[in-house]
Structures are given as structure tokens and as C-alpha cells.
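Understanding the architecture of this molecule
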Amino acid sequence: MRIPLDYYRILGIPIQADGQQLSQAYHDRALQLPRREYSDLAINTRKQLLDEAYSVLANPEERSRYDANFLNSPDPQSPSLEINNNQLLGALLLLHELGEYELVLQLAQPLIDPKAKLPPEQAELVNNRLVRADIVLTLALASLELGREQWQQGASEQAAHTAHYGQELLLREGLFANIRGEIQADLYKLRPYRILELLTRENGDEASRAQGMKVLLEMLEDRGGIDGTKDDQSGLDLDDFLRFIQQLRSYLTTAEQQELFELEARRPSAVAMYLAVYALIARGFAYGQPQLIAQAQDWLGRLGRRQDVHLEQAICALLLGQTEAANRELEQSQDHEPLQFIQTHSQDAPDLLPGLCLYGERWLQTEVFPHFQDLAYQTVALKDYFADASVQSYLEQLPGEGETPGTQNQWAVVESHLTAAAMAPNPELTVGAALQAEAAAAANPAIPQAAVLETPRPPRLRERPPVSEAEMPVARRSASAHPSPRRSPRSKQTPRLILLGAGGVIGVAIAGFLIAQLWQLLFNRPEEAIETPIPEVTPLAIEPPAPEIPDPNAPPTPIAATDPLDLTTGGQVVETWLKVKTLAFGPDYQVEALDLILAEPLRTQWRQLAEGLQGNNTYREYEHRVEVETVNVDPDDPNQAVVEAAVREASTEYVNGQPNPAASYDDNLRVRYEVVREGEQWLIENMQVLQ
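Attention here is on the structure that accompanies the text.

Rules and cut-offs
Each chain carries its own residue numbering, running from 1 in the written order of its sequence. The predicted nature of this model means local features are confined to residues of pLDDT at least 70 and side-chain atom pairs, given and counted, to a pLDDT of 80 or more, with totals for whole chains, interfaces and linings taken over all residues. Computation of side-chain values covers all heavy atoms of the structure but excludes hydrogens and water. Any two strands with at least two DSSP-identified bridges between them are counted as paired. A run of H or I in DSSP counts as a helix once it spans at least four residues, and a run of E counts as a strand once it spans at least two, with each numbered from the N terminus. Only protein chains enter the accessibility calculation, which uses a 1.4 Å probe. A residue is then buried if its area is under 20% of the maximum for its type, exposed if over 50%, and partly exposed in between. Pairing of aromatic side chains here covers Phe, Tyr and the six-membered ring of Trp, requires ring centres within 6.5 Å, and sorts the geometry by plane angle: under 30 degrees stacked, over 60 edge-to-face, intermediate tilted. Lysine NZ or arginine CZ positioned within 6 Å of the ring centre and within 35 degrees of the ring normal marks a charge as sitting over the ring. Multiply 1.5 Å by the residue count of a helix minus one, and that product is the helix's expected span. What the arc measures is the spread of directions leading from the helix axis to the C-beta atoms. Residue contacts are counted whenever heavy atoms from the two residues lie within 4.5 Å of one another. Throughout this description, the term salt bridge denotes a Lys or Arg side-chain nitrogen within 4 Å of a carboxyl oxygen of Asp or Glu. Helix axes are fitted to C-alpha atoms over the stretch in contact, other axes to C-alpha atoms as well, and angles between N-to-C directions run from 0 to 180 degrees. When an angle is under 35 degrees it counts as roughly parallel; over 145 it counts as roughly antiparallel; between 65 and 115 it counts as roughly perpendicular; any other value is oblique. For any pair of crossing helices, the crossing counts as left-handed if the nearer helix is rotated counterclockwise from the farther one by less than a right angle, and right-handed if it is rotated clockwise.

Pairing between strand β3 (residues 618-633) and strand β4 (residues 640-655): 15 bridges, direction antiparallel. Looking across to β4, one finds that V631 is bridged to V643. Hairpin connection of β3 to β4: 6 residues between the antiparallel strands.

Across the junction of R267 and P268, the peptide omega takes the value 5°, indicating a cis bond. Structurally, the position occupied by P268 is in the loop between α13 (254-265) and α14 (270-286). Following E600, the chain continues to P601 via a peptide bond in cis, the omega torsion being 5°. Looking at where P601 falls in the secondary structure, it is placed in the loop between α25 (567-584) and α26 (602-615). The phi dihedral of Y589 falls on the positive side, at around 50°, and the residue is not glycine. Summarising the element assignment, Y589 is placed in the loop between α25 and α26. By relative accessible area, which is 12% here, Y589 ends up buried.

Under the counting rule described, the total for this entry stands at 14 aromatic pairs. Ring centres of F241 and F244 lie 6.1 Å apart, and the angle between their planes is 45°; this geometry places the pair in the tilted category. A residue pair is termed a helical-turn pair when its members lie 3 or 4 positions apart in one helix, as F241 and F244 do in helix α12 (residues 238-249) at 3 residues. Each member of the pair, F241 together with F244, is buried. Both rings, one in Y274 and one in Y278, keep their centres 5.4 Å apart while their planes meet at 45°; by these two values the pair is tilted. With Y274 and Y278 both in helix α14, this residue pair falls 4 residues apart, about one helical turn. In this structure an aromatic cluster arises from ring pairing among F285, F369, Y385 and F386. Across from the ring centre of F241, 4.2 Å away, lies the NZ or CZ of R223, which sits over that ring.

Over its 12 residues, helix α4 (residues 60-71) extends 16 Å from the first C-alpha to the last, a length consistent with the 16 Å expected when each residue adds 1.5 Å. Restricting attention to buried positions, one finds in α4 the residues R63, Y66, D67 and F70. One side of α4 carries all its buried residues, which in axial view fall inside an arc of 100°. When the buried face of α4 is taken as reference, the exposed residues oriented beyond 90 degrees from it are E61, R65 and N69. Tucked inside the fold, the buried residues of α4 contact α1 (7-11) and α3 (40-58).

A regular strand places its side chains on the two faces of the sheet in alternate fashion. Pairing geometry for β4 and strand β6 (residues 665-678), over 12 bridges, is antiparallel. Paired with V642 across the bridge in β6 is E674. In this structure, β4 lies alongside strand β5 (residues 658-659), joined through 2 bridges in antiparallel fashion. By the bridge assignment for β5, Y654 is matched with P659. In sequence, β4 turns back onto β5 through a hairpin of 2 residues, with N656 there showing a positive phi of about 55°.

Here we come to the pattern of salt bridges. One pass over the structure, following the stated rule, counts 31 salt bridges. Of the charged contacts, one joins R2 and E82 as a salt bridge, the two residues approaching to 3.0 Å between their closest N and O atoms. With R2 in strand β1 (residues 2-3) and E82 in strand β2 (residues 81-82), this residue pair connects regions lying 80 residues apart in the sequence. You can call R2 partly exposed: its relative accessible area is 49%. Salt-bridge contacts for R267 lead to E221; the nearest nitrogen and oxygen are separated by 3.4 Å. With R267 in the loop between α13 and α14 and E221 in helix α11 (residues 206-223), the pair connects residues that are 46 residues apart, well separated along the chain.

The contact between α11 and α13 brings their axes to 12 Å, and the two run at 20°. By the angle between their axes, α11 is roughly parallel relative to α13. Along this stretch, α11 crosses α13, giving a crossing that reads as right-handed. Contacts between α11 and α13 involve R209, M213, L216, L217 and L220 from the former and E256, L260, L263 and E264 from the latter.

So, on to the side chain of Q167. In this fold, Q167 is placed in helix α9 (residues 156-173). Contacts of Q167, omitting those with residues within four sequence positions, involve R180, I183, Q184 and L187.

Rendered as C-alpha cells:
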């Protein structure tokens, strides 16, 4: 068969190379052995091709004849080499070393395809167990490297598909668990990039968005939530992940953000609840659904136990027509710059509502709408909101402040706090306040312009200078006048994962909240946290709610041996052992847990050690961190395997209840576990600390 190789490429030299360069290249290539997982057969056939190339090019006469044929070939740009079937493995290795990963996949995939009709000699070759393992290994490594190339080129989703192929191939063949581990590590790191690509694709379909949300939910589950501290193996620490969430928000719609953050708030998570509040306010205002603003108001009341959210509460009250409540919230707020802005624009008015109306419009326009894909090109106008028939209907059904439901129509008030604003000469007050009264009159001609407008408040505007009246929009633009809100210009640019620097995507308001909130969550978490349970919300259909946190003192579940041991199951075996060790040597001396993971004679040995500690009134507390490196199943006996793992073990010993520093330690170890299948369980029958 012919392979797209030539002697110069095999040795890695140009056609003009002299004798010294040729000799040095051959020597270097001979020393560069393939990965240790390859069989001797593959390594020897590779060396045969190196020797053949060197012997031809090192002989001047043979090289001259080879060059003549090489240069006069029909396609000098794509030279090829005739090899026999026994040299196929060596040729695949050399192509892989040259970075021809796609070519390796193209040539090698048919060799292991059960539907492919191979020539008898090739079929006989591939049926050899060692040869097949070498071909599978080459395909897996080519998938790994090609996936990394695609990742570097920005094709993250394609990289994931390529890596998945190699992983599934190894899983199907039951080979090279360590290579599967390398591929899985890449897949974990790929997830943030895949999410960005799927959510920002040009003309992206709903399937891509659904896939992006699915991968995001998987990450959140692995991390334990937006502000979780579990390791999802993406390489993003807590600050990086929060910046990533900030970046994502501008590519998600109000509906998507509401579903996502409501679901996350149920963990519970105060950070997710705050982001859900933004989504509820934005969606409620933009789509005339004040009931969502009322929900945001309720959630802000819970957040207010640990955070100053009075300004947001004031805006929600404004949008719900609760004018007295809005003023009360403003009086309690400690946000000095926004309050100064509101007070400045409420001069000559009996209260702060004129300034709050203007501030609320600007806050929605500059701090809220830009961070939702479907609202990025919408213009905020309170008068349009209050003129909406559904908004009018909902607000008319709300009880008056301080009254029971149904006793009074809130819109029919003799004196209005906005009357002075509507009559004032200040043009900015007209934008913020008088337009509210005009909206009420337009929606119901029987109500005078002096009618009170009570509405819910939006989130705060922090550290953003006021804009001029000319920059302040007064009417929402029609969707037809602008590009589709699902395709903002930002999605036309190659998305870049922002992991460092100030996160400006959500705005200074959310950034300030996140910092304060996380400080309390991580270092100052009060026992009450969020006392009142979050009301039931409609969960995303992609993934069920987070499971309950298991009892840390409960014995682990035995590792079922229904499938061959792989990297994942091997990791579970090691984790189970370390949990059992913690229980058996802990203050409760749960030595019976050793039966769940240890085989004899190891079980008896560790039981005696634990009972000896108990007799001396001594116990130990452990902290572990594990990274499984390899899982190798005995090819002759699938009931036996060896697991090697890097283990960090920190132990504190207590004697008569007092710490014993002399017997405490914090070590990084490499441990080999010999695992055996007994009945329906995987058990450890021996373990050894490696150098």
C-alpha cells in the first residue's frame, strides 16, 4: 500500500540536506522513541522505516536515483511511499510525529471499522491483538492532539467532538485508561470555551443554545453552584468563574437568565438570587409583566438581611406603583452617589419620586438592558411601561399601601407626588416624572395626570456619571428598526474568554455586590444565611435540581463491579477507601466500614491498626485530595487491576482529645492500589506508596 510519506519527511530534513545533517537527523529520530504504551512491534516497524530512509539517502548513487524519481513524480507536492502491510504501524507512528493527525485518522479509522472490507493481509494484521491496540492508541493520540489544535484555532465545539471520539474509542476497546484521563482533562478545560462558542454562534440555532446551556449546567453542578468551591477541573478559580458568568450574561436572554438563576438560587445562593432579581426586573419591565417585578421585590427583601438593597427595593416599588414604599426605601439606602443624583433631580418636589423616576430610567437603560441579549437594542421609557394595558390591569388589582386587597384603586388619588414634577420647568423632571402621569392618562382617560404612579424599583446605578437629557431615551424603539436582539454585534466577533481584569459585563453594581456577598459567603457566613426558603420556581428542563448534601459521617456506597474497571471507577475506589479510612480512624472508630473496600488480608491489618488507636484513646482526622493517574486492567484477568494515584493526605492526631503535633503530617504521595473483583464489588487487596 502507498502512504503519503517520503524519506526526507521520515527523517525530518530538507531535500538539500548534506551528509552531516542527514546523519544527525537519523541519530536524533532514532533516539526519539514513541510513548511507552506502544508495543515493541510498533517501535520496531517505525525503526525499519527510519533505517530504510537513511540507507537510501546516505548512499550517493541511491539518493540520486531517489531524487530523480522524487522530483519527476506526477505530483511532487504530495509524494508517497510504497510500504508493506507489516510497516503500516511504523508509518502511522511517523505520520503522527509529523503532526498529520487528520491523515492518521483518515488512514487508521477504516482499519478498526467492523463494516470496512479490508484486504485479507490487512485483516489478518489488524486481528492481531497487539497490532489492534497500537492502531487504537495512535487514533486516540491523534484525536487528542487534533482536538488541541482545533481548540487553539477557536473551534472549541469541534475540538470536543474530536476528543470525544478518541475517548469513546478507548472506552469501547477497554484500553489505555491513562490516555482517557488525558482526554477527559482536556474536555473539562474546554467547557467554558464551548459554552461561549455555542451561545455566540452566528445564526446559532436553538439546538446550539440548548447544548451551551446544558454544558453550563454541568459546570455549575460540578462546582456546587455559581459561588461553589468544588473543583470542576476547568482551571477557573472562584473569581475567574464569576467573571465568566458576567461575560456570559450579555449572550443570554431575559428568559434564559431567569430560569438559570432561579434554579441556582435554590441551592441556596444569594449571588444567584441577586442575578435572578436583575432578570426578573428586566423581563417584567420590558415585556409588561409586573408580577415578575413583584417576585423580584420579594427576593430583594430576603437579600436585604445581609446587603443594602434599599435602592433596588425603591425602584421595584416605583414600578409597582408603591410610592410611599419607594420613598421609605430611599430614606434607608446608604448609596450616597445615587441618592445625591436623585435628590438633585427632585428639588422643589415634596418627595424623591421625580429623581427616582429619572434615575430608574437611566439605570434600566445603562446597567440592566445591555446585559440581556434580547434587550440590548431596546430603549427604556417608563411612560410606555405604564401605558401598557396588562401593566395597568395588574397594578389596578394591587391593594393600596397600608390597605387590604381590593379596598381602593391605587391609581385614583386626589393629590399626586408627581404633580409638582409634571408642572416643573426642569426638562429632566419631565422625562422622569411627568411622562409617568401622561402614561397613566393615556391608559385611562378618566384618571387625571395628577394620579399617583406606584411602580417597582430596578437595581442601582453605581459610579456612572449622569448622562445629558439629549442622551436619555423617552420611547422604546421598535424591534424592526434595529438588528434582531438575539444577534448582537458582539456575537459577530470571536468570543474571548475573559478571566482576568475588572468584570465590566454586569457593571459595577453587580461586581460590588458579588465582592461583598462572596466575602460574607466564604468568610463570614452567618448561621441563618437565607432563612426563608425560596419559593418553588419552574426548573430548567435540561437538568434536575441539585441533590441533597449527603451525611459526611455516613459510610460510602460499595463500588459495584458490574463493568470493567476504568479511570472513573478507579477514582471512586480510591475515594471510597480514603473516606472509609477517615471513618475507621476517626473519633467514632467505624471499623466496620473497612469491609466495604478492603479485601483480606489487608482488611484485618487495618482493623487491628484502628482498634489499637481506639485502645489508646487516640483518633485521627484526615483531609485528602486525589488525582488518579492510571488504571491498568490485567489483560489476562479482567477481575484484577492496578490503580496509581497522586494523593495529598493531611492528618491531625488527637490523644485524649488533645492535638498531637508530633504525629500529625501533610504529605504528597504516589500510591499504587491493587484492586480485585470479589462478588459484585471492587475491593483493594494491596497498596504501596511509590517513590
